[in-house]
Amino acid sequence: MKFFIDSADVGEIKTWAATGLIDGVTTNPSLIAKSGRKFTDAIAEICDLVDGPVSAEVTATDVEGMIAEGRALAKIAENVAVKVPLTWAGLRACKTLTEEDTMVNVTLCFSANQALLAAKAGATFISPFIGRLDDVGEDGMALIRDIRAIYDNYMGLETEILAASIRHPMHVTEAAKAGADVATLPPNVFKQLIEHPLTEKGLAAFLADWAKTGQTVPRK
Ligand code: G3P
């Protein structure tokens, strides 16, 4: 499974990219607003920090506007993935941009039929929002499973399932079990993935016993 960081905070992205375990970044207009940065500057900096896809979202709602914004965003760096909403205009923009060899992330997906449409439009990524479905009493993970089952029925559909709106580590485990290709994680959730009290307790016990030996492990 690929891990993307869901953030527009360059400092946080730099910190987690240093682990060597980050395969890309997703941003959205809310995250850009939170960062307080100029959109294009933030995207350019993030694209320099990671080799993988960096999603940058259009804000036009008409096809022509989305295509124009998408083309401009794609010029920022080779690893920009233009993010478009799951509307008819978004799907038409997706098709055009994909034909121009631009990566496209179709976002705000809340149903399997929407995901099927996005794949037919040639999307590089489809972003089902797990947490927001859970928030309204639906089963976000069931959507990931449905999309996986549908995409696997058709050889020609190469769209990657990017599990988004992830709120806690169990979402990551469940999305991986369901066969999501990518999970985009808020930095706090990525940090939580490694945490386990028995790991910390076990390490403390090993180090305490080791200290009693008075030995050091050779470094060369
Ligand atoms: O990037 C889109 C997505 O991950 C949003 O998450 O927590 O605002 O529903 P959230």
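Residues numbered from 1 in each chain as written. Predicted model: local features only at pLDDT ≥ 70, side-chain atom pairs only at ≥ 80, totals over all residues. Heavy atoms only, no water.

A. Inspection of the layout of surface pockets at higher detail. Put simply, the largest pocket is a space of about 260 Å³. Lining the largest pocket we find 17 residues, and of these Asp6, Asn28, Leu31, Arg132 and Ser165 sit closest to its centre. Across the lining of the largest pocket, the residue classes break down as six nonpolar, seven polar and four charged. Of the pockets and cavities examined, the second largest pocket occupies roughly 160 Å³. Surrounding the second largest pocket, Asp6, Ser7, Ala8, Asp9, Glu12, Leu31, Lys34, Ser35, Pro186 and Pro187 form its lining. The residue makeup of the lining of the second largest pocket, split by class, is four nonpolar, two polar and four charged. (1 Å grid on protein atoms, 1.4 Å probe; cavity = no way out; pocket = protein on both sides within 12 Å on 5 of 7 lines; lining within 4 Å. Points joined across faces, edges and corners; volume = space filled by probe spheres on them. Nonpolar A, V, L, I, M, F, W, Y, C, P; charged D, E, K, R; others polar.)

B. Molecular detail of the side chain of Thr102. For Thr102, the position within the fold is in the loop between helix H5 (88-99) and strand E5 (103-109). Its relative accessible area of 14% is what places Thr102 among the buried residues. With sequence-adjacent residues up to four places away left out, Thr102 is seen in contact with Ala74, Val82, Leu97 and Thr124. (Helix = DSSP H or I, 4+ residues; strand = E, 2+ residues; numbered from the N terminus. Buried < 20%, exposed > 50% of the residue type's maximum accessible area, 1.4 Å probe, protein only. Contact = heavy atoms within 4.5 Å.)

C. Fine view of the side chain of Asn28. Structurally, the position occupied by Asn28 is in the loop between strand E2 (24-26) and helix H2 (29-35). Taking the relative accessible area as the measure of exposure, Asn28 reaches 16% and is therefore buried. Among the polar contacts listed, one links the side chain of Asn28 to the backbone nitrogen of Ser30, at a separation of 3.0 Å. Polar side-chain contacts of Asn28 include one of 2.7 Å to the backbone nitrogen of Leu31. Sequence-distant contacts of Asn28, defined by excluding residues within four places in its chain, comprise Glu57 and Lys83. (Polar contact = N/O pair within 3.5 Å; in protein donor to acceptor, adjacent residues only side chain to side chain.)

D. Fine view of the sheet that holds strand E7 (residues 160-163). Pairing in this closed barrel of eight strands is parallel, and the strands run E1-E2-E3-E4-E5-E6-E7-E8 around the ring. Geometrically, the sheet is characterised by an average inter-axis angle of 30° between neighbouring strands, direction not taken into account. Across five bridges, the pairing between strand E4 (residues 80-85) and E5 is parallel. Considered in E5, the bridge of Lys83 is made with Asn105. Across the face of the sheet, helix H6 (residues 112-120) comes into contact with E5 and strand E6 (125-128) while running at roughly 165° to E5. (Pairing = 2+ DSSP bridges. Axes fitted to C-alpha atoms, helices over the stretch in contact; angles between N-to-C directions.)

E. Structural context of the nonpolar core. One finds Val80, Val84, Val106, Ile126, Ile144, Tyr151 and Ile166 to be the most contacted residues of the largest nonpolar core, which totals 61 residues. Beyond its immediate chain neighbours, meaning those up to four positions away, Ile144 contacts Pro128, Ile130, Ile161, Ala163, Ala178 and Ala180. Counting residues in each nonpolar core, the second largest holds six residues, with Phe129, Leu162, Ala164 and Val182 among its members. (Core = buried A, V, L, I, M, F, W, Y, C linked by side-chain atoms within 4.5 Å.)

F. Local environment of the site of the ligand. Close contacts around the ligand come from Asp6, Asn28, Lys83, Phe129, Arg132, Ala164, Ser165 and Arg167, and that covers them all. In this structure, Lys83 approaches the ligand through a side-chain N or O atom, which is 3.5 Å from an oxygen atom. When the ligand sits alone it has 310 Å² of accessible area, and the protein chains cover 82% of it. Judged by the proximity of its atoms to the pocket grid, the ligand belongs to the largest pocket. When its residues are assigned to classes, the shell around the ligand shows two nonpolar, two polar and four charged. (Near = heavy atom within 4 Å. Areas by Shrake-Rupley, 256 points an atom, 1.4 Å probe, with all protein chains shown as cover. Sits in = over half its atoms within 2 Å of the grid points.)

Coordinates in, geometry out; function isn't part of it.
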